[in-house]
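The primary structure of each chain is shown beneath.
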Amino acid sequence: MAEEDNREEKEEEIIINPWSSKQFADYGRLMEQFGIMQFDFRKLPGPPSPQPPAIFRRGIIFGQRGFSSILRAIEKKRPFVILTGLAPSGKMHLGHKMVIDQVKYFQALGGRAVIAVADFEALAARDVPLEDGKRIAIEEYLINYIALGLEPENTEFYFQSSRDAVKDFAYIASSRVNLGQMLALYGFEQSTSIAHIFTPLVQVADILHVQLKQYGGPAPTLVPVGVDQDPHIRLTRDIAQALRIFSVIKTKDNRYGAFVRIEENVEAWLDRAEAVAAKLGFSKLKKVPKYKALYIEDMVEEKLEELDEEIARMEAANGESFHRFITGLTGEKMSSSRPATSIFLTDTAEEAKKKIMASKTGGRESIEMQRKLGGEYQKCPVYELFVYHFVPDDEELNRITVSCSEGKRLCGECKKEACSLALEFLKNHQEKRKNAPARLQQYFRDNRT
Ligand code: TRP
Ligand code: SF4
């Protein structure tokens, strides 16, 4: 309530709650407040590399932080990881599928996929017992992922509750953050359980543990998430930085430098950083052990990140991309726990049809008005189905857009079209699900699921 009253003054401050069902309105403000950069799909590699899926061209993948390190890895054919996770509660829906579409695309560009089953998160934040979480994860998510075409050669699944390295890392990460920071990030309440508060640290560990030697070793990591996950990502970056040996920055007096953040072996570390900088072609290097500094006088702004990454080879490096949310069919955020909002990947033809036919649209009050004014496709969840999933061809999408806005297309027929595309997808997909369970075990490298 108090928040409501102060809304005027509070305009500046958004606190994202990853566990709420709120739909975001103002992506521009989010980006500004949290330093998310625009995602420029034109920087993605052109032919002969595979084409990016339509969600990149259409501004659905709208933001990124540090994505250039992934582009560099693609370009230099260096290893990179694409890492995501799922909290197993409820059913897998089309919103979840978008992440897998991205995973597949980046795999085709050379990435290795690691997928965390966040059974701890489901327990702590959604009260799903671990046993149920396991079952839901397998039946609802992993089987669908396999059916969507993830291959075991470059895909690995694991459960948070079964991977000791993740649990250990979460514990260590938690020693680098205090309660005040957590409250500022998430706005927890008195009634929030400690396990729930700890959940983001496990996610941080999901993201960072792949830097450990036995899980692949240092490599840039792309984390494709909905922007609701941004607090976790910011926390991850802070903790990754806190666990670093160096900070590589431009100082307040405009000098570029790599600064040792620990007390031990400072000179040895500076020597190593010097070697890295020299290898990248920098020659005006000045070590000042007293300041724990290596100054790089011939550094230019554009090269700073690359140097940082090279210096971080033995430490954690990560990047992430953010996608918008598909609007639920009822106008809210698509959610596993509210079936009417979402098409589930396991819906029968009748269920899917019923939901689409009952969906909100951008239609007008009457047919006459719609003919005259046209539909408001910008507000229409049915239109979003076309944009996000069912009409990959841009020209075809454009025909739908134009016919809607000119009032030539009415919502009834339009929904029927959406139904037939959805049913075709579901039929195809559900056929592929059939032999997925037999392949499941191939995706786990931990001996237990
Ligand atoms: N918190 C995520 C969700 O609610 C799931 C998740 C767990 C995750 N670990 C992750 C996502 C690591 C990205 C990266 O959907
Ligand atoms: Fe939405 Fe189609 Fe109606 Fe336009 S015609 S508002 S796209 S349902």
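Fair warning: this is a prediction, and the values are worked out from it, not measured in the lab. (Residues numbered from 1 in each chain as written. Chains lettered and ligands numbered in written order. Predicted model: local features only at pLDDT ≥ 70, side-chain atom pairs only at ≥ 80, totals over all residues. Heavy atoms only, no water.)

**Some remarks on the overall build of the chain**
The secondary structure content of the chain amounts to 19 helices and 11 strands. Going through the 449 residues of the chain one by one, you find that 52% of them count as buried. Within the chain, counting contacts between residues at least 6 apart in sequence, those at least 24 apart form 75% of the total. Carbon and sulfur atoms make up 51% of the accessible area of the chain, which amounts to about 22000 Å² in all. (Helix = DSSP H or I, 4+ residues; strand = E, 2+ residues; numbered from the N terminus. Buried < 20%, exposed > 50% of the residue type's maximum accessible area, 1.4 Å probe, protein only. Contact = heavy atoms within 4.5 Å. Areas by Shrake-Rupley, 256 points an atom, 1.4 Å probe, with all protein chains shown as cover.)

**Things to note about the side chain of Gln107**
With respect to the helices and strands, the residue Gln107 is situated in helix H6 (residues 94-108). On the basis of relative accessible area, Gln107 is assigned to the buried category, the value being 11%. At 2.8 Å, the side chain of Gln107 forms a polar contact with the backbone oxygen of Asn154. With residues up to four places along the chain from it excluded, the contact list for Gln107 reads Ala113, Leu150, Asn154 and Thr155. (Polar contact = N/O pair within 3.5 Å; in protein donor to acceptor, adjacent residues only side chain to side chain.)

**Side note on the packing of helix H15 (residues 349-357) against helix H19 (residues 411-433)**
Relative to each other, H15 and H19 sit at 150 degrees, their axes nearing to 9 Å. Viewed along their axes, H15 and H19 adopt a mutual orientation that is roughly antiparallel. Every pair of crossing elements has a handedness; the one defined by H15 and H19 is right-handed. From H15, Ala349, Ala352, Lys353, Ile356 and Met357 reach across to H19, where they touch Gly412, Lys415, Lys416, Ala418, Cys419, Ala422, Leu423 and Leu426. Across the contact of H15 with H19, the residue classes break down as nine nonpolar, one polar and three charged. (Axes fitted to C-alpha atoms, helices over the stretch in contact; angles between N-to-C directions. Parallel < 35°, antiparallel > 145°, perpendicular 65-115°, else oblique. Left-handed = near helix turned anticlockwise from the far one by under 90°. Nonpolar A, V, L, I, M, F, W, Y, C, P; charged D, E, K, R; others polar.)

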